[in-house]
Every structure is written in structure tokens, then in C-alpha cells.
Amino acid sequence: MIEFFTIVGFLIAVVSVFFKFTNGQKKIIFCNFLLFLILFDGLRWKMGTDWINYYNHFLNSNTSDQPGMEIGFKLYTSLFKDLTDNYSIYLFITTAFIYVGIFYNIFK
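This structure is a prediction, so every number in the text was calculated from the model and none was measured.

Caption draft 1: Seen up close, a nonpolar patch on the surface. The grouping of Val-15, Val-17, Phe-18 and Phe-19 at the surface amounts to a nonpolar patch, some 440 Å² of accessible area in total. Relative to the elements of secondary structure, Val-15 occurs in helix α1 (residues 2-18). The class of Val-15 is partly exposed, set by a relative accessible area of 36%.

Caption draft 2: Representation of the pattern of salt bridges. Applying the stated criterion across every chain, the model contains 2 salt bridges. Measuring nitrogen to oxygen at the nearest pair gives 3.1 Å for the salt bridge that ties Arg-44 to Asp-41. Relative accessible area serves as the criterion here: at 23%, Arg-44 is assigned to the partly exposed category. Note on Asp-41: relative accessible area 14%, which makes it buried. A salt bridge links Lys-81 to Asp-85, with the nearest nitrogen and oxygen atoms 3.5 Å apart. With relative accessibility at 13%, the residue Lys-81 sits in the buried group. Judged by relative accessible area, Asp-85 falls into the exposed class, the value being 57%.

Caption draft 3: Spatial organisation of helix α4 (residues 71-83). End to end, α4 covers 19 Å across 13 residues, agreeing with the expected 18 Å (1.5 Å per residue, within 8%). All of the buried residues along α4 are Lys-74, Thr-77, Ser-78, Phe-80 and Lys-81. What you see down the axis of α4 is that its buried residues fit within an arc of 165°, all on one side. Those residues of α4 that are exposed and aimed more than 90 degrees away from the buried face are Ile-71, Leu-75, Asp-82 and Leu-83.

Caption draft 4: Structural context of unusual backbone geometry. Within the chain, Lys-46 stands out as a residue other than glycine whose phi angle is a positive 55°. By the element assignment, Lys-46 lies in the loop between α2 (23-42) and α3 (51-59). Judged by its relative accessible area of 60%, Lys-46 falls in the exposed class.

Caption draft 5: Local environment of the side chain of Lys-81. Mapped onto the elements of the fold, Lys-81 is located in helix α4. Of the polar contacts made by the side chain of Lys-81, one reaches the side chain of Asp-85; its length is 3.5 Å. Not counting the four nearest positions on each side in its chain, Lys-81 is found in contact with Phe-58, Leu-59, Ser-61 and Asn-62.

Caption draft 6: Inspection of the environment of Phe-97 at higher detail. Following the sequence through the fold, Phe-97 ends up in helix α5 (residues 87-107). When the C-alpha positions of Phe-97 and Ile-38 are compared, they lie 9.2 Å apart, and in sequence the two are 59 residues distant.

Cut-off values and rules
- Residues numbered from 1 in each chain as written.
- Predicted model: local features only at pLDDT ≥ 70, side-chain atom pairs only at ≥ 80, totals over all residues.
- Heavy atoms only, no water.
- Patch = residues over 30% accessible without salt bridge, like charges linked within 9 Å, V, L, I, M, F, W, Y side chains within 5 Å.
- Areas by Shrake-Rupley, 256 points an atom, 1.4 Å probe, with all protein chains shown as cover.
- Salt bridge = Lys/Arg side-chain N within 4 Å of Asp/Glu carboxyl O.
- Helix = DSSP H or I, 4+ residues; strand = E, 2+ residues; numbered from the N terminus.
- Buried < 20%, exposed > 50% of the residue type's maximum accessible area, 1.4 Å probe, protein only.
- Expected span 1.5 Å × (residues − 1).
- Arc of directions from axis to C-beta.
- Polar contact = N/O pair within 3.5 Å; in protein donor to acceptor, adjacent residues only side chain to side chain.
- Contact = heavy atoms within 4.5 Å.

Encoded structure:
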């Protein structure tokens, strides 16, 4: 994932050096890049070595107390489990929440 992020970020940086963009155009480019990153990372499936552990935690979040998970993460997962049983929606919203929080501060 980091390779795609780096390549797209590099292309945006190179284009911004050769072209002068207004602040509105910069925001549009930034929002499109952020949307691309959220879609790419938020719609992943069975990626990472600990994926199955988090998936199992999501499936069993309301039925049992699982040791080793932080209380905030347990509450966050239980909230989403109450709203939907779809793990993809959970991943997508979590990814959007994290990236928007990070890149909002960077863009400011």
C-alpha cells in the first residue's frame, strides 16, 4: 500500500512543481488524493498478518470479553457491531476516520 501512496504522492508533487494551482485547485487535488487513499486502504480484504485476529474480534465483539484488546477499541468495535455486521463498512469508516484526522491537520 505504501508503494501506491508514494507513487501517487510523488506524481502530485511533480505536477505541482510545473503548474501553478490556486488554493481551491489544491484542495480538490488533496481531497481526491485522500479519497483515493481511503478507498484503497478501506476496501482491503485479508491483508496483513494480524487481519484474522481483528476480524475475529469484530465477529465476537458483542458475545464475549476478549482479553488483550484495549477498552476503547472494544467499545468502538462494539458500537459498529451494533450498527452493522459488515466488516468492510467497519474497515472503510475506520480508515476514513483515521486518514481525515491525520491529513486535516497536515493540510492546515
